[in-house]
Amino acid sequence: MRPARHAVWEWCADHHHSTYYRIAPRDNPTGPSQGTTRALRGGSYLCHDSYCNRYRNSARSADTPDSSTGNTGFRTVAGVASTTP
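Rules used in this analysis
Residues numbered from 1 in each chain as written. Predicted model: local features only at pLDDT ≥ 70, side-chain atom pairs only at ≥ 80, totals over all residues. Heavy atoms only, no water. Salt bridge = Lys/Arg side-chain N within 4 Å of Asp/Glu carboxyl O. Helix = DSSP H or I, 4+ residues; strand = E, 2+ residues; numbered from the N terminus. Buried < 20%, exposed > 50% of the residue type's maximum accessible area, 1.4 Å probe, protein only.

Any chance you could explain the pattern of salt bridges here in plain terms?
Side-chain pairing between opposite charges can occur once the charged atoms of the two side chains come close. Applying the stated criterion across every chain yields a total of one salt bridge. Glu10 is paired through a salt bridge with Arg41; the nearest N and O atoms lie 3.1 Å apart. Pair noted here: Glu10 is in strand E1 (residues 9-15) and Arg41 is in strand E2 (residues 38-41), with a separation of 31 residues, a long-range link. According to the relative accessible area criterion, Arg41 is partly exposed, its value standing at 27%.

So, in structure tokens, the structure goes:
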């Protein structure tokens, strides 16, 4: 089984700006407060090591919310109740 990273670019709720991460907080940057594009992070199966060596889990790109491609997806998250008293 291959690692999940680089399977598809991951859509994020954050707006995107090309220089935001230069001034953003190091921990949990939320993106600029407004914008026309949304952040994508990671990379995808279409990236080959010979030209996508910068794509890692923390890599960022952007696209408009109405776009669609076969190499873009999203992650679902659910909370888990604690079983310890």
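Please clarify how the environment of Ser44 should be interpreted in this entry.
Within the fold, Ser44 resides in the loop between E2 and strand E3 (60-63). According to the relative accessible area criterion, Ser44 is buried, its value standing at 2%. Taking C-alpha positions, Ser44 is 5.3 Å from Trp9, a pair spaced 35 residues apart along the chain.

Would you mind showing me how to read unusual backbone geometry here?
Here the phi dihedral of Asn28 falls at roughly 55 degrees; this positive angle occurs in a residue that is not glycine. For Asn28, the position within the fold is in the loop between helix H1 (20-23) and E2. Judged by relative accessible area, Asn28 falls into the exposed class, the value being 66%.

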